[in-house]
Amino acid sequence: MREVAIVAYAQSPQVRQEKVLNEVEMLMPVIETALTEAAMTMDDIDFVCSGSCDYIAGGAFSFVGAVDALGATPSKMESHVEMDAAWALYESWLKIQAGEISSALIYGFGKSSVGDLPDVMSQQCDPYYLAPLWPDSISMAGLQASALLTTRRYTERDFAEVVVESRRKAKANPSAQLSGDTEVEELLRAPYISSPLRRHDCCPITDGVSVLIITDKTALPETIKRPVYIRGIDHRMEAHQLGIRVLSESGSTTQALAQAKSQAGIEHFDIAELYAAFSPQTLILKDALGLDDQVDINPSGGPLAGHIMMSAGLDRFGMSFRALQKSEVTTALAHATSGPCLQHNMIAILEAG
Amino acid sequence: MDIDLDPIEQFDAPIYHRYHATSSRAITPFLHAVKRGELLGHLSTATGKVLFPPLGACPESGEATHIPVILSDTGTVIGFTTVHLPIPGSKLVPPFTVANILLDGADQACSHLISECDIDSVAIGMRVVAVWRPAEVWNNSLENIEYFKPTGEPLVDIDALQQQCLAEAEQRKEAAKGGQDA
């Protein structure tokens, strides 16, 4: 396999509401920051690939409008996934493996504040049985949290502890929306919104964009001191109907991890960035991945500290990349998810080289 | 067997979502200007081209644009089509003509209706001027212009117009570069 490195990552602040700028205007400075970090220009980029969803912005073909931010002359090889931008990264990685390109700029964007995100997310359900019930994303996560409690592996106190940890670690992340010191007892006094979930168990509505650049090792810019290599990557999908799945487990995550490990030959991770949009999902993923307490989980604060819908998975790669810039961190696990209740999961194993 | 059941070809599944969209840093000034009866474009310093309507990004260079340029409401037809079929939901009664119009001073065409003339007389290179609705009904919309009508000037040679536009854009690009150097 070709060695593929992450060479730059940039993210806008993860704000509750961006009142002025549209997606294109949010993207332009972040693309520039990422290119500057990589000491590259658009001329050095062979392929651009994005992840977004028109239902979020409420405008048809909003992703085509975003191409303006790239400069269309000379024209670029371009693609888009109506999925989290982590899958745009996967498409780019495949294109490098196929020998078609040697560099790619990947971006994801979401301006969730303009609509009602939990309701918008119900549109991803099947049109006959689920969508007519308008199951919002928080209620579906509530069903999953309830299934987890039923196993007696965890309690609501454990959910709250995940949140306390997230907010504490996010204090070191300047782009986090939610950070600070909280206490479990205080959190447990909050009312339910979709039981057993309380407001703090859910990721915050966030407006933002992220950009990540990857290259083949042979095209690595000379200025890059500490590239981060994608040593293994795999993704697996489960059935769409919630009733068919065991919601308290994540078998597809375990499978993807096994594949990624066999590619990478790496068993130990210093950190793990998990796309857990709801606190119980952190626990489900931790078990599915067999992570012990030696692994620093979501050092950025994770999606509970800031959650750019359609880019939060790519951000797990980006936040891992940032953590791996420090000499004491050498291996990371990045996880991305798509679909309701962890339906589809991607695992990547990253190593600083 | 189930195969004998009548096929269900349709059922109602209405979907409504409410959005509170923002009009962006680039489009907001455009919408304010059009309410005053002004057509506001953006100068791209990277290419020297004047973009109308402005989107805030130069599609050629990818750079952010913000320098306002007020354009004239006269222009040249660079392409058109006459629509003979009714469009569902549209107030327009066919046949009607839609043209790509290059406003004087702009480097990007915008689309609008052509009227007050025989449909067969519309031609590439035709000079046109905007017909505005009464100022009392102006709002934040390009609908303030009801349509464009011919000025009666002679037809313009489109190839020559393109060369002229490119030369002027080059001059503006150099001027912008000079301004940055100074």
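Here is what the cut-offs are and how they apply
Each chain has its residues counted from 1, following the order in which its sequence is written. Chain letters start at A and ligand numbers start at 1, both assigned in the order the entries are written. The predicted origin of the model limits local features to residues at a pLDDT of at least 70 and limits the giving and counting of side-chain atom pairs to 80 or more, whereas totals for whole chains, interfaces and linings rest on all residues. For the purposes of this entry, the term helix denotes a DSSP run of H or I that reaches at least four residues, the term strand denotes a run of E that reaches at least two, and both are numbered from the N terminus. Radius of gyration means the value over C-alpha atoms here, while the globule rule gives 2.2 Å times the residue count to the 0.38 power. Once C-beta atoms are placed from the backbone, each residue is buried if 20 or more other C-beta atoms lie within 10 Å of its own, exposed if 12 or fewer, and partly exposed for counts between those two. By definition, residue pairs are in contact when their C-beta atoms, positioned from the backbone, come within 7 Å. Pairing between two strands is assigned when DSSP locates at least 2 bridges connecting them. Every angle, taken between N-to-C directions, lies between 0 and 180 degrees, and every axis is a line fitted to C-alpha atoms, over only the stretch in contact when it is a helix. An angle counts as roughly parallel when it lies under 35 degrees, as roughly antiparallel when it exceeds 145, as roughly perpendicular when it falls between 65 and 115, and as oblique in every other case. Gly is put with the polar residues, along with every residue not named as nonpolar or charged; the nonpolar set is Ala, Val, Leu, Ile, Met, Phe, Trp, Tyr, Cys and Pro, and the charged set is Asp, Glu, Lys and Arg.

Participant: What am I meant to see in the overall build of chain A here?
Facilitator: Summing up its helical and strand segments, chain A has 11 helices and 12 strands in all. Over its C-alpha trace chain A gives a radius of gyration of 19 Å, about what one expects of a compact globule, namely 20 Å for 353 residues. The principal-axis extent of the C-alpha atoms belonging to chain A is close to 55 × 45 × 40 Å. Counting the 353 residues in chain A, one finds 57% classified as buried. Intrachain contacts of chain A at a sequence separation of at least 6 include 79% that bridge at least 24 residues.

Participant: What's the story with the interface of chain A and chain B in this structure? I'm lost.
Facilitator: Reports of interface size often rely on the accessible area that becomes lost once the parts have come together. With 23 residues of chain A at the interface, the matching set in chain B holds 19 residues. Mapped by element, the contributors of at least two residues to the side of chain A that touches chain B are helix H1 (23-38) and helix H5 (117-121) of chain A. Tallying contributions element by element places H1(A) first for the side of chain A that touches chain B, with three residues.

Participant: I tried to follow the sheet that holds strand S7 (residues 207-216) of chain A on my own but got confused; where do I start?
Facilitator: Backbone hydrogen bonds hold the strands of a sheet together, and the pairing may be parallel or antiparallel. Residues and elements named next belong to chain A. Pairing in this open sheet of 10 strands is mixed, and the strands run S3-S2-S4-S7-S1-S8-S12-S11-S9-S10 from one edge to the other. Edge positions in the sheet fall to strand S3 (77-81) and strand S10 (296-297), since each has one partner strand and no second. In the sheet, strand S4 (residues 103-111) pairs with S7 via nine bridges, with the strands oriented antiparallel. Counterpart to Gly108 in the pairing with S7 is Ser210. Across the sheet, H1 is in contact with strand S1 (4-11), S4 and S7; its angle to S1 comes to roughly 135°. Contacts from helix H9 (residues 251-264) reach strand S8 (228-237) and strand S12 (344-352) within the one sheet, and its direction differs from that of S8 by about 145°.

Participant: Could you clarify how one ought to interpret the packing of helix H7 (residues 156-169) of chain A against helix H10 (residues 279-289) of chain A in this entry?
Facilitator: A packed helix pair is summarised by two numbers, namely the angle formed by the two axes and the spacing between the axes. Residues and elements named next belong to chain A. Two elements in contact, H7 and H10, have axes whose closest approach is 8 Å; the angle formed by their N-to-C orientations is 95°. Here H7 is positioned roughly perpendicular relative to H10, judged by the angle of their axes. Contacts between H7 and H10 involve Asp158, Phe159, Val162 and Val163 from the first element and Ser279, Pro280, Thr282 and Leu283 from the second. Looking at the contact of H7 with H10 residue by residue, the classes come out as five nonpolar, two polar and one charged.

Participant: Explain the pairing of strand S7 (residues 127-132) of chain B to me, please; I cannot follow it from the model alone.
Facilitator: Note on strand geometry: in a regular strand, side chains alternate between the two faces of the sheet. Residues and elements named next belong to chain B. Two strands pair when backbone bridges link them, and strand S4 (residues 74-83) and S7 are joined in this way by three bridges, in the antiparallel orientation. Opposite Gly75, over in S7, you have Val128 as the bridge partner. By the bridge criterion, five bridges tie S7 to strand S8 (residues 145-150) in an arrangement that is antiparallel. Counterpart to Trp132 in the pairing with S8 is Ile145.

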